[in-house]
Structure formats: structure tokens, C-alpha cells
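Descriptive analysis of the structure
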Amino acid sequence: MALCKRRGFIYPGSEIYGGLGGTWDYGPLGVELKNNIKREWWKDIVQLREDIVGIDSAIMMNPKTWEASGHVEAFTDPLVECKVCHARFRADQEDSINEHEKSHGKSNEWTEPQKFNLLVKAYLGVLEGKQSEIYLRGEITQGVHVNFKNVLDSTRIKIPFGIAQIGKAFRNEITPGNFTFRSREFEQMEVQYYIEPERGEGEKWFDYWKKQRMEWYTKLGIRKDHLSFRNHEDHERAHYARDACDIDYHAPFGWSEFEGIHNRGDWDLSRHEQYSGQSMKYKDPDTGEEYLPWVIETSGGVDRAALFFLIDAYWEGDGRIVLRLHPKLAPYKVAVFPLLANKPELVKKAKEIYEDLKKEFMVAWDDRGNIGGRYAAQDEAGTPFCITVDFQSLKDDTVTVRYRDTAKQDRVEIVELKEYLHDKID
Ligand code: GAP
């Protein structure tokens, strides 16, 4: 957390006013990391596939959506209140409850668990007293399902197919915490994958997506032994899920949910059909058969991904702190330095390289302090490559390229730099 603040990855939300519980702001490096995660996800899920299209739906939706989806009734966590100081906790988080009891030095009296709805309310409209109460979306999912027909009518896509979306969701979490892990405002990246309504198909695509999503995280550098699948017990499944499995991450605060894969059956489409009075059925273009498809969903958190990629990349050794982020996720791909800031010919050449590389990569510039300090700063930022322009560069148009994880250096011709970097990053 200290590194995140120091280097500009993540800051507490509204910090100068004492903060706002469960909200976080992303600094200059954090926003790059998050954008890179989202870009890689979109590329693999939408750009490289023919069976998935993307959408970007509104955060504010007609409140009937949330009645239909079951969230108004069932999107709840069990809440208990300390009768001594009125602090509120999730009844299923025994560690926090025990910790709280210690703060009073005795075992407390608690209220009976009550259902607490997590939807965040907002008020829309300009007339005082006549504003309509709406909800900020509690999951990005419903914006996809209400557009199921629009997407069918405006594309040539056929079942099995998916609709992907990335966007903000809001939950009035009872106990936000563990840094950004449980926030009240966060981003999700989801696929709603529509399939034939049949058990065998459900099991096939559920297993397929579990495998795909696990591979995606390991491909981008999360250690295999830090990830595992966890099937949900009957009592913990969300109200919409027939089957649910989490990909869990071995976080410093214990194994924790990273992403959920759910078989939502026809829950969403049938409920929207019922509440809107409009047909949500799919008509098979080959057989003419009409049916409500089932949905296999993959739902990951962008903030959780940023947090777990950071934790997994953090490395201390040889007196160094290094963020060994996958080069595709690293905020800056490369940093450029003149060996000495007071030698105009070195600065000029380094600036030329910096300006040229900037057209294709996120590039950092640093000419302060000594070269060791500059390398250390870039190691902490996760920058995989540092280019130094030295006196030899003036003679033969080569530079040193230092690799973050090994601290080893190559001598590379300036004209070859772009190809060299593309090659290493990919
Ligand atoms: N549409 C299904 C859905 O929303 P979920 O298991 O409630 O399912 C999916 O959430 C993912 O969203 C989680 O696995 C997690 O990565 C992220 N997420 C959920 N609540 C979160 C919170 N309070 N803070 C940060 N990320 C959260």
C-alpha cells in the first residue's frame, strides 16, 4: 500500500476531506495499469474472437430492471449491530466480529442478523420532492441482458455467442476493506455467454470458461500456485446462479475471490420477459425454433485484478524492490535517460529517442539524480526496460537497454529499438 501511494498507483478516495469509506483513486501509474488490464481483456475477449461482441450500457437504469433481476429482493448480506457502540458488521465475517469484541474488552451483545440490501440509491430529476429513486447498478450484467434483443437485431451473431462489457458497479458493502479488495465503487469486466438451454451445454460451456479465465491470469503472470478454483456450496450461491465457481487468489489476507464463473440459466431473460412484457426469446435462424437461452457468465473485478497483479509482482531482494509486472501490464514500457543531465549532447540524443518511442509506447523520462536511483525508481514502477544514452551512443548510435528483472544490460542500435521492444513486450 505504501508503494502504491508513493509511486502513484492508488490513493485513498477524497483523502483531503478525511476519505470516503470503500472508495479509491488511481494515480498516474494506477490508471495505466488498469487501462492495460482492460485492454488485454478486451483484446482477448472481443477483438480476437468472432463469437463475442462488446457493449457499453448506462450505469443508471430504469428501477424495474433491478426488481426483475431479483436484486431489490435478494441482493443482501446478513448484518449484525454491536449493541454497545452500534458498529455494523457482516454476520458471516467472524474474524472481524471477534476483533471488534476485543476492542470492548468483553464479549458483546449483538442484534439478530438482518438482511441488508447492497444496492446504492440515487435520486434523479429536477423537481424537489418529485425526483425518482433509482439504483446505481449493483452488477454490470443487467445492462447486457436488457440489450439482448438489440444486439441480436443489429448484428449477425448466432448462439452460442457472448456479449462483453467493462464498467463501474456500486455496492453498499457493510465492511469494505483489505485495501481495494472490497470497495463500494469498483469496475467489473464480464462476458454473458448465451447458449442452448440444455444441461449438457451448460456444463460444457461452464467448464470451457473456467479454463479460459484461469489461463488468462496465468498468461499475464499470476503464479499458478497462487490460483485455485472454488465451487460454491448450495447456501452461498447468488440468487441467479444454478452453478457457481470462483477463481480464488492466494492473497496476504487469505485465499480470496478473484473472479466468478456462473451458470445463470435463463434467470435473467425470463425475468426481463416477465417484467417488461416483451419477448426475450431467441429464434434459431436455421431451424426456426424459439427459446430462452441460458447464460454462462464470467465476472471479474478490474480493481481486484490490479490489486492481485500488483501483489503477485511485488518482489524484494538484493536491496531492491521490484514490481515484476508482465510487460503488457506495466504502466510504462520503457524509460529513457541521458547518462548525465548536464551534457547537452546526451540530453538531445536521449530526447530524440524519447520523442520517437512515445509514438508507440508509454515512455518515462528521467534525468534527475544518479543512474542507480533512476533504475530503482523504475523498478518500483514496474518499468521493464530502461534505455541509457551514454558517450558511446554519440559515437556509434547504440544505447544500453537494462532489463528490470535481471538488471542485465544489452547494447542495442537505436534504429533497432522499436523492434527490440515490441519483440520483448510480446
Ligand atoms: N454479475 C455477477 C457478479 O457481479 P459477483 O461475484 O458479485 O458477481 C463479480 O462479482 C466480481 O466482481 C468479483 O469476483 C470481484 O472480482 C468483483 N467484485 C465484486 N464485489 C466487489 C467489491 N465490493 N469490490 C471490488 N470488486 C468486487
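Refer to the structure above for everything that follows.
Residues numbered from 1 in each chain as written. Predicted model: local features only at pLDDT ≥ 70, side-chain atom pairs only at ≥ 80, totals over all residues. Heavy atoms only, no water.

Take the site of the ligand next. Taken together, 22 residues are adjacent to the ligand, and Glu139, Thr141, Glu190, Glu257 and Phe258 come closest. Between the ligand and the protein, one listed contact pairs an oxygen atom with a side-chain N or O atom of Glu257 at 2.5 Å. With the chains in place, 94% of the 560 Å² that the ligand exposes on its own is no longer accessible. For the shell around the ligand, the secondary structure elements donating two or more residues are β10 (185-195), β13 (254-265) and β16 (294-301). A total of six residues in the shell around the ligand trace back to one element, the largest contributor, which is β13. When the residues that make up the shell around the ligand are grouped by side-chain class, the tally is four nonpolar, eight polar and 10 charged. (Near = heavy atom within 4 Å. Polar contact = N/O pair within 3.5 Å; in protein donor to acceptor, adjacent residues only side chain to side chain. Areas by Shrake-Rupley, 256 points an atom, 1.4 Å probe, with all protein chains shown as cover. Helix = DSSP H or I, 4+ residues; strand = E, 2+ residues; numbered from the N terminus. Nonpolar A, V, L, I, M, F, W, Y, C, P; charged D, E, K, R; others polar.)

Let us look at the nonpolar core. Phe9, Ile37, Met189, Tyr217, Phe258 and Phe309 are the most contacted members of the largest nonpolar core, which has 48 residues in total. Those residues within four positions of Ile37 in sequence are excluded, and the remaining contacts are Met189, Trp216, Val302, Ala305, Ala306, Phe309 and Leu329. If you look at the next biggest cluster of nonpolar residues, it comprises 19 residues, including Val334, Val363, Val389 and Tyr420. (Core = buried A, V, L, I, M, F, W, Y, C linked by side-chain atoms within 4.5 Å. Buried < 20%, exposed > 50% of the residue type's maximum accessible area, 1.4 Å probe, protein only. Contact = heavy atoms within 4.5 Å.)

Moving on: unusual backbone geometry. For the bond from Ile159 to Pro160, the omega torsion is 5°, close enough to zero to count as cis. Mapping Pro160 onto the fold places it in the loop between α7 (148-154) and β9 (161-170). One non-glycine residue, His86, lies in positive phi territory at about 70°. By the element assignment, His86 lies in the loop between β4 (76-81) and β5 (88-90). Of note, the phi angle at Phe179 is positive, near 60°, even though the residue is not glycine.

Okay, the sheet that holds strand β19 (residues 334-338) next. If you walk across this open sheet you meet the five strands as β20-β19-β21-β22-β23, and the pairing is mixed. Strands with a single pairing partner mark the edges of an open sheet, and in this sheet they are β20 (363-365) and β23 (409-413). On average, adjacent strands in this sheet sit at an angle of 30° to one another, irrespective of strand direction. Pairing between β19 and β20: three bridges, direction parallel. Among the inter-strand pairings, Ala335 is bridged to a residue of β20, identified as Ala364. (Pairing = 2+ DSSP bridges. Axes fitted to C-alpha atoms, helices over the stretch in contact; angles between N-to-C directions.)

Right, let's get into a negative patch on the surface. A grouping of Asp396, Glu413, Glu416, Glu419, Asp423 and Asp426 is seen on the molecular surface, where their side chains present a negatively charged patch. Topologically, Glu416 is positioned in the loop between β23 and α14 (417-425). (Patch = residues over 30% accessible without salt bridge, like charges linked within 9 Å, V, L, I, M, F, W, Y side chains within 5 Å. Salt bridge = Lys/Arg side-chain N within 4 Å of Asp/Glu carboxyl O. Lys, Arg positive; Asp, Glu negative; His and termini not counted. Charge placed at Lys NZ, Arg CZ, Asp CG, Glu CD.)

Quick look at the pairing of strand β21 (residues 385-389) now. Burial of β21 is extensive: five of the five residues sit out of reach of the surface. Side chains of β21 alternate between two faces, with Phe385, Ile387 and Val389 and Cys386 and Thr388 buried alike. In this sheet, β21 lies alongside β19 in parallel orientation, the contact comprising five bridges. Bridged to Val336 within β21 is Ile387.

To continue, consider the sheet that holds strand β6 (residues 114-117). Spatially, β5-β4-β6 is the arrangement adopted by the three strands of the open sheet, whose pairing is antiparallel. Two strands bound the open sheet, and with one partner strand each, they are β5 and β6. Across the sheet, the axes of successive neighbouring strands diverge by a mean angle of 50°, strand direction being ignored. Alignment of β4 against β5, held across three bridges, turns out to be antiparallel. What sits directly across from Val80, in β5, is Phe89.

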